Amino acid sequence: MLISADSHILDPPHLWRQWLPARYRDRGPQLVEDADGGHAWRYAGARDPEPIGLAGLPGRPADELRPSGVRYDEIRPGTFDGAARVADQDADGVAAEVIFPSARPLGHFLDDPDRDLVLAGVDAYNRFIVEEFCAAAPDRLFPVAQLPTTGVDDCVRTLRVSAERGFVAAVLPCWPTGGDHLDADSAAFWSCAEDLGLPICMHVGFRSRQERLLLRELHERRLDDELTSVRFHPYGPDHAPRPLTYHHRAPNFGVSLGRAAAVLSDLLLSGLFDAYPRLRIGLIETWVGWIPRALEAVDDIWARNRFLRHVPLRRPPSTYWHTNMTASFLDDRAGVAARHVIGLGNLMWSTDYPHFGTFWPRSREVVDASLAGVPPDERHRILAGNAMRFYGLTNRVRPA
């Protein structure tokens, strides 16, 4: 059995027009045409509209991908329609998917300085994904709620409503306070999550509200060219590759990995899991091959500083990883090789469908290669069992 611990959607054309309150619709994402006559979404702060091609054409060979010039009537309906998604699951041999929000459309709201717009956008998406998209196949599609960036009280309210609506987890876009570090002011949120038994996830793109507002301002003022991450320039007239420049709109692997490692370190060294021992936290789309070294590092920090700096932990920090945390990956052979160090109960496979990184419809082929030689019982845990346990899906999934 295959269960994707992290999948996504492409905004259907009607999402924001139908689900966002009327007074905010002019400020929501707008469906427009790209330069090649295809459909694109105009998100706030973006330099150009976002064409739908890369999220609407999963399975296309790399040399056939068309980021722009693609319209909704050309793409796979399963990318934006819940009922149609089941056929795509069947084509990939996937029994169920856990559906996470996508960064760009939700960033339109999360990065905005207007608290009311943030909350309106978050609520519109959450209602759509649970009441429409996942409701089309409730034993195959399981929704993750988006949490806001506007502080602990708003996160707690959203979390409680999400539990009532039947979400299987909630994703934090930043620390509950909106700040840039984990602190005691977020206690009410962690206590609520533990009491509700709802897993909390951190997806790639985790950043403070202040950083989000700053990046939005820099985008809008066109002052962002010097920020760090890789942007590839097209070939020059002589067909020679141009040099790389750096740009934060295309986060490279090092940036994403570095942020995930920092979040992991904060969680394990903070004493959070001593205070809330039943709390479950997942690092999503972070891959796992780096985790053995990270666990060694936090244990070394604790061993050297536990008395000198009064690090408030009852046990070595790596033990909390094994009891309270998990992470997801697509194809991570280094992680699979290190699975016993990471923990057989701490890895969850995913497809990332329909995003650019997905292997659809070859997921079975890819997992057979990346998990070659892994015993059947271990394979089941990594490919399905851990996701079922973490998200509470036992007895809820209908086999594909």
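Above this note sits the structure.
Residues numbered from 1 in each chain as written. Predicted model: local features only at pLDDT ≥ 70, side-chain atom pairs only at ≥ 80, totals over all residues. Heavy atoms only, no water.

**With respect to the overall build of the chain**
What counts here: For the purposes of this entry, the term helix denotes a DSSP run of H or I that reaches at least four residues, the term strand denotes a run of E that reaches at least two, and both are numbered from the N terminus. Based on C-alpha atoms, the radius of gyration is set beside the globule rule, defined as 2.2 Å times the residue count to the power 0.38. Remark: exposure states derive from per-residue accessible area (1.4 Å probe, protein chains only) relative to the maximum for the residue type, with buried under 20%, exposed over 50%, and partly exposed in between. Exposure was quantified through the Shrake-Rupley algorithm and a 1.4 Å probe, taking into account, for residues, occlusion by the shown protein chains and nothing else.
The helix and strand tally for the chain stands at 16 helices and 13 strands. Relative to a compact globule of 400 residues, whose C-alpha radius of gyration would be 21 Å, the chain shows 21 Å and is just as compact. Each of the 400 residues in the chain was classed as buried or not, and the buried ones make up 53%. With the model as given, the accessible surface of the chain reaches about 17600 Å², and the carbon-plus-sulfur share is 53%.

**Concerning helix α5 (residues 115–133)**
What counts is decided by this rule: A helix is expected to span 1.5 Å for every residue after the first. Polar contact criterion, stated in full: a pair of N or O atoms within 3.5 Å, where within protein one must be able to donate a hydrogen and the other to accept it, and residues adjacent in sequence count only if both atoms are side-chain atoms.
The terminal C-alpha atoms of α5, which comprises 19 residues, lie 26 Å apart, in line with the 27 Å expected from a rise of 1.5 Å per residue. Regarding α5, the residues found buried are L117, V118, A120, G121, V122, A124, Y125, N126, F128, I129, V130 and F133. Two or three places before D116, at the start of α5, stands the capping residue D114, its side-chain oxygen 2.9 Å from that residue's backbone nitrogen.

**Some words on the sheet that holds strand β3 (residues 39–42)**
Across a sheet, strands are paired by hydrogen bonds formed along the backbone, either parallel or antiparallel in direction. Filter applied, for reference: Note: two strands are recorded as paired if DSSP finds a minimum of 2 bridges between them.
In spatial order, the strands read β2-β3-β4; together these three strands make up an open sheet with antiparallel pairing. Edge positions in the sheet fall to β2 (30–33) and β4 (50–51), since each has one partner strand and no second. The pairing of β3 with β4 spans two bridges and is antiparallel. Counted as the bridge partner of A40 is P51 from β4.

**As for unusual backbone geometry**
A cis amide bond links Y353 to the next residue, P354, at an omega of 0 degrees. In this structure, P361 follows W360 across a cis peptide bond, with omega equal to 0 degrees. Looking at the element boundaries, P361 is found in the loop between β13 (347–349) and α15 (363–370). Despite not being glycine, H310 shows a phi value in the positive range, around 55 degrees. Along the polypeptide, H310 turns up in the loop between α11 (291–305) and α12 (317–324).

**Remarks on the sheet that holds strand β6 (residues 141–146)**
Note the cut-off: Helix axes are fitted only over the stretch in contact, all axes being lines through C-alpha atoms; the angle between N-to-C directions runs from 0 to 180 degrees. For this analysis, residues touch if any pair of their heavy atoms sits within 4.5 Å.
Read from one edge of the open sheet, eight strands run β1-β5-β6-β7-β8-β11-β12-β13, paired in parallel fashion. Among the strands making up the open sheet, the edge pair consists of β1 (3–7) and β13. The average angle at which neighbouring strand axes cross in this sheet is 25 degrees, direction not considered. Note: strand β11 (residues 281–284) against strand β12 (residues 325–329), three bridges, orientation parallel. Bridge pairing in β12 places I281 opposite M325. Taken strand by strand, α5 contacts β5 (96–99) and β6, and its axis lies near 170 degrees from that of β6. Across the sheet, helix α7 (residues 187–196) touches β7 (169–172), β8 (200–203) and β11, and the angle it forms with β8 is around 120 degrees.

**Comments concerning the pairing of β8**
In β8, alternate side chains face the same way, and those of I200 and M202 on one face and C201 and H203 on the other are all buried. Summarising the sheet, β7 and β8 pair through three bridges and their orientation is parallel. Paired with L172 across the two strands is M202, which belongs to β8. For β8 and β11, the ladder comprises four bridges, and the chain directions are parallel.

**Description of the packing of aromatic side chains**
Definition in use: Any two of the Phe, Tyr and Trp rings considered here, Trp counted by its six-membered ring, make a pair once their centres fall within 6.5 Å; the pair's planes then place it as stacked at under 30 degrees, edge-to-face at over 60, or tilted in between.
Evaluation of the coordinates by the stated rule reveals ten aromatic pairs. Aromatic side chains W16 and F109 sit 4.9 Å apart centroid to centroid with 50 degrees between the ring planes, which places their arrangement in the tilted category. Placement of W16 in helix α1 (residues 15–19) and of F109 in helix α4 (residues 103–110) is noted, with a sequence separation of 93 residues between them. On the basis of relative accessibility, which here comes to 3%, the residue W16 falls in the buried class. Between Y72 and F80, the ring centres sit 5.3 Å apart and the planes meet at 80 degrees, which makes this aromatic pair edge-to-face. Considered together, Y72 and F80 belong to a single accessibility category, that of buried residues.

**Description of the side chain of S363**
One can find S363 in helix α15. Residue S363 is classed as buried on the basis of its relative accessible area, which comes to 3%.

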